[in-house]
Amino acid sequence: MKEFDYAAPRSLGEATSLFGGPRKALLLAGGTDLIVQLRAGRKTADLVIDIKHIPEMNEIRYDPAGGLTLGAAVPCYRIYGDGAVSRAYPALSEVAALIGGTQIQGRASIGGNLCNAAPSADAIPLLIALRATCRIAGRGGAREIAVEDFCTGPGRNSLQAGELLVSLHLPPAGKRSGSQYLRFIPRNEMDIAVVGAGVAVTLEDGVFRSARIALSSVAPTPLFVREAGEWLAGKPVNAESIQAAAEMAKVAAAPITDMRGTIEYRKHLCAVLTRRALEAAVQQAREDR
Ligand SMILES: Cc1cc2nc3c(=O)[nH]c(=O)nc-3n(C[C@H](O)[C@H](O)[C@H](O)COP(=O)(O)OP(=O)(O)OC[C@H]3O[C@@H](n4cnc5c(N)ncnc54)[C@H](O)[C@@H]3O)c2cc1C
């Protein structure tokens, strides 16, 4: 691995001025993607900036009226170890517990999962389904964008030079709502999703009040299937509606054939996983947390 300098700023201001400086710098949250990439020579840096000591990056703040603020560097184990977060966003807690294994979860962050922008990233479809937004800072100031607009290609995101992700914000889950992320992998753990489906629903008087569906591993970026969720809104909560939305997800998917699966296999999985994820989310919503 090429040598680099290491900095561990203690404030956001210090981090943005280092990151916006003249040296070729990369940010490190957990490092579970970055270190692998540096070691393989896929990325190089003169300076690696460790963001784990910045208070805003380490924050988990939940209140039922305001929702969840999740610092970009919060490691997965803190998410599924947080009782309030697990009760309010059980699917987020489950995603944090399925990324890698115990050692990876001790370091890996949901912010890093998003910034790495892999089409197969497990957290991103669920973040999209849960209407998460990104809080971004740079030397030019702060801005906010929806997670569905964040990834621009495999390994690419919409951060401009010198910008960093500070935190994610999830709106309150609300009554009669449920969410789920399901992935298919050939092994039980530590593998890349052949397909993943993240969904969130809110129910009202036997109909879907709203629904959102997003997929992983079936397009150059995590894929928001906006039209399937919009179509479900107002439809009765039954097997036919769910199956029709699952078929729409299948049609929207544009996967490739590779060693983990063919186009046809992946498209088939899109329908199966979307249907199962919707069924689970509906069940959760009916339990009226
Ligand atoms: C053994 C193993 C198993 C894995 N299993 C899974 C899995 O099951 N599912 C899955 O989705 N992934 C998996 N991964 C990939 C990886 O662990 C996840 O993507 C993880 O969430 C990355 O988080 P991190 O904090 O380690 O990111 P880092 O490696 O620190 O960062 C990832 C990228 O984002 C950039 N970055 C980080 N933070 C910021 C920020 N705040 N602002 C701007 N840019 C930033 C970094 O510069 C880097 O390019 C696995 C990796 C390994 C090594």
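To be clear, the structure that these remarks concern was listed above.
Going along each chain's sequence as written, the residues are numbered from 1 onward. The model is predicted, so local features are restricted to residues of pLDDT at least 70 and side-chain atom pairs to those at 80 or more, both for listing and for counting; the totals for chains, interfaces and linings are taken over all residues. Values shown for side chains rest on all heavy atoms present in the structure; no hydrogens or waters enter the calculation.

**Student:** Before we move on, can you summarise the environment of Met1 with the specific residues and values?
**Tutor:** Numbering of helices and strands runs from the N terminus, with a helix taken as a DSSP run of H or I at least four residues long and a strand as a DSSP run of E at least two residues long. Inspection of the secondary structure assignment puts Met1 in the segment before strand E1 (5–7). Exposure categories follow from relative accessible area, calculated using a 1.4 Å probe and restricted to protein chains: below 20% of the type maximum is buried, above 50% is exposed, and the middle band is partly exposed. With relative accessibility at 52%, the residue Met1 sits in the exposed group. Any two residues whose heavy atoms approach within 4.5 Å at even a single point are treated as in contact. When residues no more than four places from it in sequence are discounted, the contact partners of Met1 are Leu38 and Arg39.

**Student:** Give a description of the packing of helix H10 (residues 239–252) against helix H11 (residues 263–286) that names residues and reports values.
**Tutor:** A pair of packed helices is captured by two measures, namely the crossing angle of their axes and the spacing between those axes. In this analysis, axes come from line fits to C-alpha atoms, helices being fitted only over the stretch in contact, and the angle between any two N-to-C directions falls in the range 0 to 180 degrees. Their axes nearest at 8 Å, the elements H10 and H11 cross at an angle of 140 degrees. By the criterion of interaxial angle, the relationship of H10 to H11 is oblique. Handedness of the crossing formed by H10 with H11: right-handed. Every residue of H11 that contacts H10 at Ile242, Gln243, Ala245, Ala246, Glu247, Ala249, Lys250 and Val251 is listed here: Lys267, Cys270, Ala271, Thr274, Arg275, Leu278, Glu279 and Val282. Each residue is assigned to one class: nonpolar for Ala, Val, Leu, Ile, Met, Phe, Trp, Tyr, Cys and Pro, charged for Asp, Glu, Lys and Arg, and polar for all the others, Gly among them. Broken down by class, the residue content of the contact of H10 with H11 amounts to nine nonpolar, two polar and five charged. With respect to orientation, any angle under 35 degrees is reported as roughly parallel, any angle over 145 as roughly antiparallel, any angle of 65 to 115 as roughly perpendicular, and every other angle as oblique. By convention the crossing between two helices is left-handed if the near helix lies anticlockwise of the far one by an angle smaller than a right angle, and right-handed if it lies clockwise.

**Student:** An account of the pairing of strand E7 (residues 141–146) is requested, with residue identities and associated values reported.
**Tutor:** Where strand E6 (residues 133–138) and E7 come together, six bridges link them in antiparallel fashion. Counterpart to Arg135 in the pairing with E7 is Glu144. Whether two strands pair depends on DSSP finding at least two bridges between them.

**Student:** Quick rundown of the pattern of salt bridges? Include the residues and the values.
**Tutor:** By convention in these notes, a salt bridge is any Lys or Arg side-chain nitrogen within 4 Å of a carboxyl oxygen on Asp or Glu. Under the counting rule described, the total for this entry stands at ten salt bridges. One salt bridge connects Asp46 with Lys2, and the closest N-O pair in it is separated by 3.4 Å. One end of the pair, Asp46, is in the loop between helix H2 (34–39) and strand E3 (47–50); the other, Lys2, is in the segment before E1, and 44 residues separate them in sequence. Residue class for Lys2 comes out partly exposed when judged on its relative accessible area of 48%. Here Arg183 ties to Asp122 by a salt bridge, and the two come within 2.7 Å at their closest N and O atoms. With Arg183 in strand E11 (residues 177–184) and Asp122 in the loop between helix H7 (110–116) and helix H8 (123–129), this pair connects stretches of sequence that are 61 residues apart. Residue classification places Arg183 among the buried positions, given a relative accessible area of 18%. Note on Asp122: relative accessible area 8%, which makes it buried.

**Student:** Describe the site of the ligand, with residues and values.
**Tutor:** Close to the ligand lie 28 residues, the nearest being Leu27, Thr32, Asp33, Ser109 and Asp122. Note that an oxygen atom of the ligand is positioned 2.5 Å from one of the backbone N or O atoms of Leu27. Asp122 places a polar side-chain atom, nitrogen or oxygen, 2.6 Å from a nitrogen atom of the ligand. The Shrake-Rupley method, run with a 1.4 Å probe sphere, supplies the accessible areas, and residue values consider only the shown protein chains as cover. Burial of the ligand by the protein chains amounts to 86% of its free accessible area of 990 Å². Ranked by residue count, the leading element in the shell around the ligand is H7, at four residues. Split into classes, the residues belonging to the shell around the ligand amount to 16 nonpolar, eight polar and four charged. Only a single heavy atom is needed: when it lies within 4 Å of a molecule or strand, its residue is near that molecule or strand. As used in this structure description, the phrase polar contact means that two N or O atoms lie within 3.5 Å; if the pair is within protein, one of them must be able to donate a hydrogen and the other to accept it, and residues adjacent in sequence are counted only when both atoms belong to side chains.

**Student:** Lay out H10 in plain terms, naming residues and giving numbers.
**Tutor:** Here, expected helix span is obtained from the residue count minus one, scaled by 1.5 Å. With 14 residues, H10 extends 20 Å between its outermost C-alpha atoms, agreeing within 8% with the 20 Å of an ideal straight helix rising 1.5 Å per residue. Buried positions along H10 lie against strand E13 (207–216), helix H9 (226–232) and H11. The N-terminus of H10 is capped by Asn238, whose side-chain oxygen sits 3.2 Å from the backbone nitrogen of Glu240.

**Student:** Tell me about the state of the cysteines, and name the residues and values.
**Tutor:** In a disulfide, the sulfur atoms of two cysteines are covalently bonded to one another. Disulfides are defined as pairs of cysteine sulfur atoms found within 2.5 Å of each other. Taken as a whole, this structure holds zero disulfides when the rule is applied. Note on Cys151: no disulfide assigned, nearest cysteine sulfur contributed by Cys134 at a separation of 8.2 Å. Between Cys270, a cysteine without a disulfide, and Cys151, which holds the nearest cysteine sulfur, the sulfur-to-sulfur distance is 17 Å. Exposure remark for Cys270: the relative accessible area of 0% places this residue in the buried category.

**Student:** Give me the lowdown on the sheet that holds E3, citing residues and values where you can.
**Tutor:** Strand order in the open sheet formed by three strands is E1-E3-E2, and the pairing between neighbours is parallel. Looking at which strands have only one partner, the edges of the open sheet turn out to be E1 and strand E2 (25–28). Here the strands of the sheet are splayed against their neighbours by 25 degrees on average, with no regard to which way each runs. Both E1 and E3 contribute to a ladder of three bridges, which runs parallel. By the bridge assignment for E3, Tyr6 is matched with Val48.

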